[in-house]
Amino acid sequence: MLLEGGVSFSKIHKRWELKKLNGIHTCTNSFISQDHVRLDSSVIAHNIVHLVKTNPGIEIKTLIVDMHQRFGYTISYIKAWTAKQKALEMTFRSWE
């Protein structure tokens, strides 16, 4: 049964699941799997912006470890690097 707003009950997982969201997604699921395509660099940037603001020189491998500890997802180096660049821009604006 699909309800308004893209929410449906999953018989497999025995819980309500949001299938479609219009707008910016501001929360994350603590059960993200290794192949979760929705955990992109923009979502990661929003989750690491406080780390980057505190330490702009934070190493990429530290961000990868942080994401794995918090969400159980090992992100690629390039995805972490891109997320850090976005977080730097969110914090300090564009270099231009």
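Not measured: the values here are computed from a predicted model.

Asks: In this structure, what is going on with the environment of T82? I would like to understand it.
Replies: Relative to the helices and strands, T82 is located in helix α3 (residues 77-92). Measuring from C-alpha to C-alpha, the distance between T82 and I60 comes to 9.7 Å, with 22 residues separating the pair along the chain.

Asks: I tried to follow helix α1 (residues 41-54) on my own but got confused; where do I start?
Replies: In an α-helix, one full turn covers 3.6 residues, which means residues spaced three or four apart are oriented alike. With 14 residues, α1 extends 19 Å from end C-alpha to end C-alpha; this agrees with the ideal 20 Å at 1.5 Å per step. At I48, α1 shows its maximal kink, close to 55 degrees. Among all positions in α1, only S41, V43, I44, A45, N47, I48 and V52 are buried. Its buried side turned inward, α1 meets α2 (60-71) and α3.

Asks: Looking at this structure, how should I read the packing of α2 against α3?
Replies: Packed helices, taken two at a time, are described by their axes: the angle between them and the distance between them. Running from N to C, α2 and α3 cross one another at 100 degrees; their axes reach a closest spacing of 9 Å. The angle between the axes of α2 and α3 places the two elements in the roughly perpendicular class. The segment α2 lies against α3, with I60, L63 and I64 engaging Y77, A80, W81 and K84. A breakdown of the residues in the contact of α2 with α3 according to their chemical character gives six nonpolar, no polar and one charged.

Asks: For this particular structure, what's the right way to read the environment of E59?
Replies: Here E59 lies in the loop between α1 and α2. In this structure E59 comes out as partly exposed when scored by relative accessible area, which is 44%.

Asks: It is not clear to me how the nonpolar core should be interpreted in this structure. Could you clarify?
Replies: As a rule of thumb, soluble globular proteins bury nonpolar side chains together. With 18 residues, the main nonpolar core has L39, I44, I48, V52, M67 and I75 as its most contacted residues. Going through the elements one at a time, α1, α2 and α3 are the ones with two or more residues in this core. In this structure, I48 is in contact with L63, D66, M67, R70, A83, K84 and A87, ignoring residues within four places of it in sequence.

Asks: Help me understand the pattern of salt bridges in this model?
Replies: Side chains carrying opposite charge are able to pair once their charged atoms draw close together. Summed over the entire model, instances satisfying the criterion amount to two salt bridges. A salt bridge links D66 to R70, with the shortest nitrogen-to-oxygen separation between them at 3.1 Å. Here the residue D66 and the residue R70 both occupy positions in helix α2, the gap between them amounting to four residues, near one helical turn. Residue D66 is classed as buried on the basis of its relative accessible area, which comes to 17%.

Asks: Please explain the packing of α1 against α2 as it appears in this structure.
Replies: At a minimum axis separation of 11 Å, α1 and α2 run at an interaxial angle of 115 degrees. The pairing of α1 with α2 is recorded here as roughly perpendicular in orientation. Crossing of α1 over α2 shows right-handed handedness. The segment α1 lies against α2, with I44, N47, I48, H50 and L51 engaging L63, D66, M67, R70 and F71.

Conventions we followed
Residues numbered from 1 in each chain as written. Predicted model: local features only at pLDDT ≥ 70, side-chain atom pairs only at ≥ 80, totals over all residues. Heavy atoms only, no water. Helix = DSSP H or I, 4+ residues; strand = E, 2+ residues; numbered from the N terminus. Expected span 1.5 Å × (residues − 1). Bend = angle between axes of the 7 residues up to and from the residue. Buried < 20%, exposed > 50% of the residue type's maximum accessible area, 1.4 Å probe, protein only. Contact = heavy atoms within 4.5 Å. Axes fitted to C-alpha atoms, helices over the stretch in contact; angles between N-to-C directions. Parallel < 35°, antiparallel > 145°, perpendicular 65-115°, else oblique. Nonpolar A, V, L, I, M, F, W, Y, C, P; charged D, E, K, R; others polar. Core = buried A, V, L, I, M, F, W, Y, C linked by side-chain atoms within 4.5 Å. Salt bridge = Lys/Arg side-chain N within 4 Å of Asp/Glu carboxyl O. Left-handed = near helix turned anticlockwise from the far one by under 90°.

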